Amino acid sequence: MTSRNAENPQAGRPGGPAAAPAPVQRRWPVLAAAVGLSWALPLLLDTLSLDVVLIPVLVLAIGSLIRVGGGLLDRLVVSAFILCGAVMAFGLLFSVWPWGLAPVPGAGFLLTVVSVCGWLSGRRPHIPLRLRGTDALVLGTFAVVWHYMHHPLAGKSITERLAFFVTSEDRMGHFSYFDGIHHVGGYNFLHQEAARTFMMTPSEAVYPQGTHFLLAWIDVFVKSSTDGGPAAEMMNRYLLYVIGAYALLCAVLVWAARWIGGPRLRGWRAAAVCATVMAVMLIGSLSTLVERGFDSEIVGLLFLAVGLALLVRPAMGRAEFALVAVAGLVTVTFVYNLYGALLGLGLATVLVVHRRRFAPRRGLLLTVLAGGTLLAGLPSIFSVLTKLDVSKTSNLAGPMVVPDRAVLIGCALAALLAASLRANRRTATGQVVLVLVLGAMAMLTLFGVYQTKTIGYLSYYFEKLAAAGLVIGLISLGLVGLLLTPGQQAQGSPRRRRAERLLQSGLAAVTALALFGGVQFGLPSGWTSFADRLNTTSAFHESPMIKWAKGGGRSDMGPPARALVDRDLKDRPGPVIALYANDSYLNLKSTFLAALLNHRAGDMVALYEIFYVQMGGPPAAKDAQKREFASLYDTSLVHLKKALAEGPAAPTILVGDRTVADRLTKDLAKAGIAATVVHAPLPPH
């Protein structure tokens, strides 16, 4: 098969784009009707408080005009990807116009843009309804991951769910950006003065806000209001969005591997590839991203997977290619600019490999891509020119989620092998995969060497870049699947052939789940006694995702969350310091949560001194421990006074033990420090 045939399958071929309907004549009444409907529908749905329906309407509207993919799922993935890019890009406009994130103006504007583009293109709206058998594996991946990740939240109250929300400081920080966007009505870096109330400066200027803007935009449509409601309810919805994003990441990786395989990847081979990617994600370490609160990384990997897949096999026209490329640049860099270099590498490679194909109107295409690159880089340029220290940030330390090294290396080597073979090396897809994998390996190696030379070890952002390398390796398995021999076509009636293909695909899927996912399908484990074998868990049941599903990710913040929501924050809108225990980290998280619940996370700039405050719980009973407690109290009081001196206003201090509360009241009064100390014991677990 030639490169041209591999990359531009003809209409009607499996996996290729469906035949485009004949263009329609441009008529002004048609445009007027489309624009009128673009505003009438949002007004109607907003009146009914059903603005959330506008999100699938937008996806379908975009999908009806683009000509990418021959199946329904492919079209929906690409159109949703373009919509996300449009929301983030036009979000710059939404941030400065007078209506903010209000659903009617935003949806009306986007639908108008789609209507005008459709009218100018002269295309008749069309959605392919064709489904593929492996769609079940893509959608099944989402369903399975959602089931396990949502399981510990099922049946619990909003307050009880906060124990899973507050699993890390990172999650609390991400929520503060989301909360800020809700309140300022746009990107925080465009409303810095107002945004500092809701987050710790300089985050409003330096941190990529694409994830938080997109989720806030979605949340406005879900709520049918720009008012997010009580903070605890906002946290619950935000956590559900993050879990949904992780489930989408897993499903998108399966889809992306299939997309890269193209129309030649069919039948049991497609099932084997899709199930292998599914298995790796079910058992791998990336599910820990949710527990660690790496929310932007999750969304960044999701958009990176879609963007790279569509660039590696750009089976679309020039207009769609430009649209997809710009959407990829915007979504990836707005969400997680570290990954922008990898997407840029993929885009540069595909422009070189497909240079003859893009020769007509090359200047126009490059102009559009240059404009898209500038647009995508605006937030990053802004942050670098203001407060971001790139060299210091690149070597930050922190909790890490380490991608599975064996899977990362194995997928990379398998992709290199597949791309180096003559059958794939002659195709454009094989050439792009080869350069992309080698380039990603080079970036990861150079960054590792840089960190080793500067700080002596591999740190926080190295593992984040390694996660992107794992994504590239997994989606490249679509090319590896083409190495499998399809076998001789079945004989007999169409029904018999379909049944045989279904059986082979099912066997391929369960084989991949057993080999790469540790799934034993109910069989006992081990070589010990029968009773022990029944009690021995499989690798699948020991995976981080299953441990999360069993409640293993629950934090110790359940009692503080209940105390704050149900009792301690009522009629206390000002700064609050929560000293519920002698555990300084629990006190810090409790104080941070109190600030978030009061929409005052900006207070934490000064209140981070609470990280060193180890008092609030009952004093020790034994003499030796009493002396130790006295020393800790004195040290903690120094840090508490520093926090109070730098804080914005006289706070309320919640103290878990009455004796400590009384003593603290006297000590602060003696020092002339204005604060209200309240005895607030923690409720039982």
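Right, let's walk through the structure included here. (Residues numbered from 1 in each chain as written. Predicted model: local features only at pLDDT ≥ 70, side-chain atom pairs only at ≥ 80, totals over all residues. Heavy atoms only, no water.)

### Quick word on the packing of helix H7 (residues 158-165) against helix H12 (residues 231-261)
In the contact formed by H7 and H12, the axes pass within 9 Å of each other and the chain directions differ by 55 degrees. By the angle between their directions, the pair H7 and H12 is classed as oblique. The element H7 and its partner H12 pack so that their crossing is left-handed. Seen from H7, the contacting residues are Ile-158, Arg-161, Leu-162, Phe-164 and Phe-165; seen from H12, they are Ala-232, Glu-233, Met-235, Asn-236, Tyr-238, Leu-239 and Leu-240. Looking at side-chain class alone, the contact of H7 with H12 contains nine nonpolar, one polar and two charged residues. (Axes fitted to C-alpha atoms, helices over the stretch in contact; angles between N-to-C directions. Helix = DSSP H or I, 4+ residues; strand = E, 2+ residues; numbered from the N terminus. Parallel < 35°, antiparallel > 145°, perpendicular 65-115°, else oblique. Left-handed = near helix turned anticlockwise from the far one by under 90°. Contact = heavy atoms within 4.5 Å. Nonpolar A, V, L, I, M, F, W, Y, C, P; charged D, E, K, R; others polar.)

### Some details on empty space enclosed by the protein
Counted under the stated rule, the structure contains five cavities of 30 Å³ or more. In this structure, the largest cavity spans a volume of roughly 100 Å³. Lining of the largest cavity is provided by 14 residues; of these, Phe-189, Tyr-207, Pro-208, Gln-209 and Pro-379 occupy positions nearest its centre. Elements represented by at least two residues in the lining of the largest cavity include exactly helix H10 (203-206), helix H16 (318-335) and helix H18 (362-386). The leading source of residues in the lining of the largest cavity is H18, at three residues. In terms of residue class, the lining of the largest cavity is built from eight nonpolar, six polar and no charged. (1 Å grid on protein atoms, 1.4 Å probe; cavity = no way out; pocket = protein on both sides within 12 Å on 5 of 7 lines; lining within 4 Å. Points joined across faces, edges and corners; volume = space filled by probe spheres on them.)

### Details of the pattern of salt bridges
This structure, assessed with the given rule, holds 16 salt bridges. Across the pair Asp-556 and Lys-589 runs a salt bridge whose closest N-O atoms are separated by 3.0 Å. Of this pair, Asp-556 sits in the loop between helix H27 (544-549) and helix H28 (558-568) while Lys-589 sits in helix H29 (residues 584-597), and the two are 33 residues apart along the sequence. Judged by relative accessible area, Asp-556 falls into the partly exposed class, the value being 36%. On the basis of relative accessible area, Lys-589 is assigned to the buried category, the value being 6%. Here the residues in one salt-bridge network are Asp-74, Asp-135 and Arg-258, joined through shared partners. (Salt bridge = Lys/Arg side-chain N within 4 Å of Asp/Glu carboxyl O. Buried < 20%, exposed > 50% of the residue type's maximum accessible area, 1.4 Å probe, protein only.)

### Observations concerning the sheet that holds strand E2 (residues 652-655)
Overall, parallel pairing links the three strands, which are arranged E1-E2-E3 in an open sheet. Unpaired on one side and paired on the other, strand E1 (576-579) and strand E3 (676-679) mark the two borders of the sheet. Each strand axis lies, on average, 20 degrees off the axis of its neighbour in the sheet, ignoring direction. (Pairing = 2+ DSSP bridges.)

### So, the environment of Asp-583
Among the structural elements, Asp-583 can be located in the loop between E1 and H29. Side-chain polar atoms of Asp-583 contact the backbone nitrogen of Leu-586, separated by 3.3 Å. (Polar contact = N/O pair within 3.5 Å; in protein donor to acceptor, adjacent residues only side chain to side chain.)

### Section: a positive patch on the surface
Together, Arg-130, Arg-266, Arg-495, Arg-498 and Arg-501 make up a region of like positive charge exposed at the surface. Structurally, Arg-501 is set in helix H25 (residues 494-517). (Patch = residues over 30% accessible without salt bridge, like charges linked within 9 Å, V, L, I, M, F, W, Y side chains within 5 Å. Areas by Shrake-Rupley, 256 points an atom, 1.4 Å probe, with all protein chains shown as cover. Lys, Arg positive; Asp, Glu negative; His and termini not counted. Charge placed at Lys NZ, Arg CZ, Asp CG, Glu CD.)

### Here we look at unusual backbone geometry
For the peptide bond that leads from Thr-201 to Pro-202, omega is 10 degrees, which places it in the cis range. Tracing the chain through its elements places Pro-202 in the loop between helix H9 (192-195) and H10. Of note, the phi angle at Asp-571 is positive, near 60 degrees, even though the residue is not glycine. Residue classification places Asp-571 among the exposed positions, given a relative accessible area of 79%.

### Focus: helix H13 (residues 267-283)
An α-helical turn contains 3.6 residues, so a residue and the one three or four places further along point in the same direction. The end-to-end C-alpha distance of H13 is 25 Å, a good match for the 24 Å that 17 residues give at a rise of 1.5 Å each. With 14 of its 17 residues buried, H13 lies for the most part within the structure. (Expected span 1.5 Å × (residues − 1).)

### Side note on H28
Along H28, the residues classified as buried are Gly-558, Pro-559, Pro-560, Ala-561, Ala-563, Leu-564 and Asp-568. Those residues of H28 hidden inside the fold are in contact with H7, H29 and E2.

### Some points on the packing of aromatic side chains
With the rule as written, the count across this model stands at 30 aromatic pairs. Connected via pairs of aromatic rings, a cluster forms that spans Phe-90, Phe-94, Trp-97, Trp-99 and Phe-109. Taking NZ or CZ as reference, Arg-663 lies 3.8 Å from the ring centre of Tyr-633, over its face. (Phe/Tyr/Trp six-rings, centres within 6.5 Å; stacked < 30°, edge-to-face > 60°. Lys NZ or Arg CZ within 6 Å of the ring centre and 35° of its normal.)

These figures capture arrangement, not role.
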